[in-house]
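# Residue-level structure breakdown
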Amino acid sequence: MNKITTIAFDADDTLWVNEPIFTQTRIRLEEIVAPYIPIETLEADLYKFENQNLSLFGYGVKGFMLSMIETALEMTDQRLSGADVQHIIDLGKDMLQHPIEVLPGIIETLEALKDRYELMIITKGDLFDQETKIARSGLAHYFNRVEIVSEKNTGSYQELIDHNGLDINRFVMIGNSLKSDVLPVCKIGGKAIHIPFHETWVHEKVESHETEGFEYLELGDVRELISLMKR
Ligand SMILES: [Mg+2]
């Protein structure tokens, strides 16, 4: 860690709360669909549409809104009323304007690191949504670089390392997702630190065998970074 000069942070569920907003919205969707049909399979059906639509819509709330509407229409055999479609759109608009809840210890940690390291955000999703979240979080001034990518994989990490002129040996990525923040960085020879969040979207989950052979650190609290990076 003593060679590190750039510390990159994931945003959603690393810097601020995100997945619980999606979970709360899924519960509201169940309430909208419940008068039409049994809702036991709704969560799985919604994920099926989300996953199918990722290659068309990309990540983010707007794609999620369309997938919620598509799921509800399919589940109700197109009986969902116009008023209920509007209700789902309003749920999405509420998500887009949801207050940003910065996670405990983040400000303290960024304050401690900002003068000694180049700090960076690397997040995936909808450009406009992620830009406004960064602005609304009040954290933007801590970061020297912000990268919003459509997918976090070995190719996109390599590309952003290259075009930012970064040295992979002096770079560490920190995030809550093994799939998006840790494994692709390890695979291109970088260092990564996993800080788990209590809720993980099914799409970000990895099987334990997928992490075998990769070396990365796991921290329970972001504030542990302060002493780790002092060594
Ligand atoms: Mg995340």
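Since the model is a prediction, treat every value here as computed from it, not as a measurement.

Protein coordination of the magnesium ion is provided by D10 (OD), D12 (O) and N176 (OD1), with donor distances spanning 2.1 to 2.2 Å. Sequence positions of the donors to the magnesium ion reduce to the motif D-x1-D-x163-N. D10 gets classed as buried once you look at its relative accessible area, which sits at 6%.

Per the stated rule, a full pass over the model turns up two cavities of 30 Å³ or more. By volume, the largest cavity amounts to about 480 Å³. Around the largest cavity, the lining is made up of 33 residues, and of these D12, N18, Y59, K124 and W201 lie nearest the centre. Looking at the lining of the largest cavity, the elements with two or more residues in it are helix 1 (19-33), helix 2 (42-57), helix 3 (61-75), strand 2 (118-124), helix 6 (127-137) and helix 8 (178-187). For the lining of the largest cavity, the per-class residue count stands at seven nonpolar, 13 polar and 13 charged. Taken together, domain 1 (6-17 + 101-228) and domain 2 (19-96) each give at least three residues to the lining of the largest cavity, which thus spans both. Estimated volume of the second largest cavity: approximately 110 Å³. Surrounding the second largest cavity, 14 residues form its lining, N18, I21, M95, H98 and K133 being those nearest its centre.

Turning to the environment of K48, a few remarks are in order. Inspection of the secondary structure puts K48 in helix 2. Its relative accessible area of 38% is what places K48 among the partly exposed residues. On a C-alpha basis, the gap between K48 and T71 in space is 8.7 Å, while along the polypeptide they are 23 residues apart.

A separate point is the domain arrangement of the chain. Structurally, the chain comprises domain 1 (6-17 + 101-228) and domain 2 (19-96). Counting residues at the interface gives 17 residues for domain 1, matched by 14 residues for domain 2. Both faces combined, the contact of domain 1 with domain 2 buries some 1,300 Å², and carbon together with sulfur accounts for 57% of it. Summed over the three residues of domain 1 that lose the most area to domain 2, namely E199, W201 and H203, the buried surface amounts to 42% of that side. Across the domain 1-domain 2 interface, the total number found is one salt bridge. One salt bridge connects K62 with D126, and the closest N-O pair in it is separated by 3.2 Å. There are eight residue pairs in polar contact (both at pLDDT 80 or more) connecting domain 1 and domain 2. Per element, the largest residue contribution to the side of domain 1 that touches domain 2 is three residues, and it comes from helix 6.

This part is about the pattern of salt bridges. Per the stated rule, a full pass over the model turns up eleven salt bridges. The residue R170 makes a salt bridge to D167 at a minimum N-O spacing of 3.8 Å. The class for R170 is partly exposed, based on a relative accessible area of 37%. We classify D167 as partly exposed; its relative accessible area is 37%. Note that D221 and R223 form a salt bridge whose closest N and O atoms lie 3.1 Å from each other. In this structure D221 comes out as partly exposed when scored by relative accessible area, which is 25%. Residue R223 is classed as partly exposed on the basis of its relative accessible area of 31%.

What counts and how
Residues numbered from 1 in each chain as written. Predicted model: local features only at pLDDT ≥ 70, side-chain atom pairs only at ≥ 80, totals over all residues. Heavy atoms only, no water. Donors = N, O, S within 2.8 Å, 3.2 Å for Na, K, Ca; no water. Buried < 20%, exposed > 50% of the residue type's maximum accessible area, 1.4 Å probe, protein only. 1 Å grid on protein atoms, 1.4 Å probe; cavity = no way out; pocket = protein on both sides within 12 Å on 5 of 7 lines; lining within 4 Å. Points joined across faces, edges and corners; volume = space filled by probe spheres on them. Helix = DSSP H or I, 4+ residues; strand = E, 2+ residues; numbered from the N terminus. Nonpolar A, V, L, I, M, F, W, Y, C, P; charged D, E, K, R; others polar. Domains from an automatic or database assignment. Contact = heavy atoms within 4.5 Å. Buried area = accessible area lost by both parts, 1.4 Å probe. Salt bridge = Lys/Arg side-chain N within 4 Å of Asp/Glu carboxyl O. Polar contact = N/O pair within 3.5 Å; in protein donor to acceptor, adjacent residues only side chain to side chain.

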